[in-house]
Structures are given as structure tokens and as C-alpha cells.
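Secondary and tertiary structure notes
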Amino acid sequence: MTTADITVIRQDNATRGRYMVNLAPGVEAEMTYRKTPAGVMSIDHTGVPSEFGGRGIAAKLVNAAIADARAEGFKIEPICSYVEAQFRRHPEWADLRA
């Protein structure tokens, strides 16, 4: 599996949601979030099974959220340490940080 083969799916409800990738039958990577009353996406967890690590899957999850934030006009609060690190690496995302 290459990063070009990865399809990120957003599953959303009124207060919570997640971005996920089906990696193999019964195996998923995910990034979970909650929505604050102010309309901020508070990302609290990113997980990729260890056997799929190092392939850029977590970055694809974060990039999907960044793209949605730009398209939909919301801010992101990076509670998850991985997402926080990505925000530090990408100063061009500063305008999306809550």
C-alpha cells in the first residue's frame, strides 16, 4: 500500500467524529475528534496499527482534516500529540489553529 492508495473517510455526527482508513479486512487507522460548541474540531487521538506505521497514513488523516477545515471554515484544536507536532511542522496551518 502506498500513500496514493489511501482513501480517507470522514464519519461525522453532531458532537463527535473520526477520519479513518481501511487498511486490511478488520484493520483501520483513525483520528478521532469532538466538536466544541464554538464549532472547533478538537482532535484528541490518532492511531495507526504498528504493522502499518511509517507509511504516511497518520499524515494523510491530518491532511484530510486540514483540507476540510479550509473548505468548511472551521478551526482545529490539536490535543493529540501527533497532530500538535504536525502543526509545529506546518506554520502555514497557523490560521486554522483554535
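Residues numbered from 1 in each chain as written. Predicted model: local features only at pLDDT ≥ 70, side-chain atom pairs only at ≥ 80, totals over all residues. Heavy atoms only, no water.

**Some details on the sheet that holds strand β1 (residues 9-12)**
By definition, the strands of a sheet pair up through backbone hydrogen bonds, in either a parallel or an antiparallel sense. Put simply, the rule is: Only strands that DSSP links by at least two bridges are regarded as paired with each other. By the criteria applied, helices consist of DSSP H or I runs no shorter than four residues and strands consist of E runs no shorter than two, each listed in order from the N terminus. Each axis is a line fitted through C-alpha atoms, taken for helices only over the stretch in contact, and angles between the N-to-C directions span 0 to 180 degrees. Here, two residues are considered to be in contact whenever any of their heavy atoms come within 4.5 Å of each other.
Taken together, 5 strands build an open sheet; the order of strands is β1-β2-β3-β4-β5 and the sheet is mixed. The open sheet has two edge strands with one neighbour each: β1 and β5 (76-78). Shown here is a sheet whose adjacent strand axes are inclined to one another by a mean of 25 degrees, direction ignored. Relative to strand β4 (residues 41-47), strand β3 (residues 27-35) is paired through 6 bridges, and the arrangement is antiparallel. Its bridge partner lying in β4, Arg34 is registered against Ser42. Those strands touched by helix α1 (residues 57-72) are β1, β2 (16-24), β3, β4 and β5, and its axis lies near 140 degrees from that of β2.

**Some thoughts on the nonpolar core**
The nonpolar side chains of a soluble globular protein tend to be buried, and buried together. In plain terms, the rule: As used in this record, nonpolar core signifies buried Ala, Val, Leu, Ile, Met, Phe, Trp, Tyr and Cys residues forming a set joined through side-chain atoms within 4.5 Å. Only protein chains enter the calculation, and the probe is 1.4 Å; a residue is then buried if its accessible area is under 20% of its type maximum, exposed if over 50%, and partly exposed in between.
Counting 24 residues, the largest nonpolar core has Tyr19, Met31, Met41, Ile43 and Ile76 as its most contacted members. Those elements that place two or more of their residues in this core are β2, β3, β4, α1 and α2 (81-89). The element that contributes the greatest number of residues to this core is α1, accounting for 7 residues. Once residues within four sequence positions are removed from consideration, Ile43 is found in contact with Met31, Thr32, Tyr33, Ala65, Ile76, Glu77, Pro78, Ile79, Cys80 and Val83.

**Some details on the packing of aromatic side chains**
Which entries qualify depends on this criterion: Stacked, tilted and edge-to-face are the three classes applied to pairs of Phe, Tyr and Trp rings, where Trp contributes its six-membered ring and a pair requires centres within 6.5 Å; stacked means planes under 30 degrees apart, edge-to-face means over 60, and tilted covers the rest.
Here the structure, examined in full by the defined rule, presents 2 aromatic pairs. Considering the side-chain rings of Tyr19 and Tyr33, the 5.7 Å spacing of their centres and the 45 degrees angle between planes classify their relative orientation as tilted. Taken together, the positions of Tyr19 in strand β2 and Tyr33 in strand β3 put the pair 14 residues apart, joining distant regions of the chain. Residue classification places Tyr19 among the buried residues on the basis of a relative accessible area of 1%.

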